[in-house]
Amino acid sequence: MKKREIEEEQVEQTEVDGKTEAKAKRKEGVERRKSAKKKDKIARWSGFILLFVVVIVGFLLWIAGEMRVGY
């Protein structure tokens, strides 16, 4: 009888361990997705800012060229 109780406790313990492992993996996955989303957001804004700077510099060079050439 005691041996059977010990086996049942071990089975229950493995089930509990499995549930906690599943929760930990799920939490890990959520954190990984959040960090990936944050990096993507930063990259998107960095690209937008770089594009804006290139357009502004091009516009200023165009204006400077028009001023130098005259009419």
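The following refers to the structure shown. (Residues numbered from 1 in each chain as written. Predicted model: local features only at pLDDT ≥ 70, side-chain atom pairs only at ≥ 80, totals over all residues. Heavy atoms only, no water.)

### Topic: the pattern of salt bridges
Any two side chains of opposite charge can pair, on the condition that their charged atoms come close.
1) Next: Summed over the entire model, instances satisfying the criterion amount to 1 salt bridge.
2) Next: One salt bridge connects Arg44 with Asp40, and the closest N-O pair in it is separated by 3.1 Å. With Arg44 and Asp40 both in helix H1 (residues 2-69), this residue pair falls 4 residues apart, about one helical turn.
3) Next: Its relative accessible area of 52% is what places Arg44 among the exposed residues.
4) Next: By relative accessible area, Asp40 is classed as partly exposed at 44%. (Salt bridge = Lys/Arg side-chain N within 4 Å of Asp/Glu carboxyl O. Helix = DSSP H or I, 4+ residues; strand = E, 2+ residues; numbered from the N terminus. Buried < 20%, exposed > 50% of the residue type's maximum accessible area, 1.4 Å probe, protein only.)

### Details of the packing of aromatic side chains
1) Next: Inspection of every chain in the model, using the stated rule, returns 2 aromatic pairs.
2) Next: Their ring planes at 90° and their centres at 5.8 Å tell us that Trp45 and Phe48 sit as a pair that is edge-to-face. Of this pair, Trp45 and Phe48 are both found in helix H1, 3 residues apart, which corresponds to roughly one turn of the helix.
3) Next: With a relative accessible area of 49%, Trp45 lands in the partly exposed category.
4) Next: With centroids separated by 5.8 Å and ring planes inclined at 50°, the aromatic side chains of Phe59 and Trp62 adopt a geometry described as tilted. Here Phe59 pairs with Trp62, and both are found in helix H1, just 3 residues apart, close to one helical turn. (Phe/Tyr/Trp six-rings, centres within 6.5 Å; stacked < 30°, edge-to-face > 60°.)

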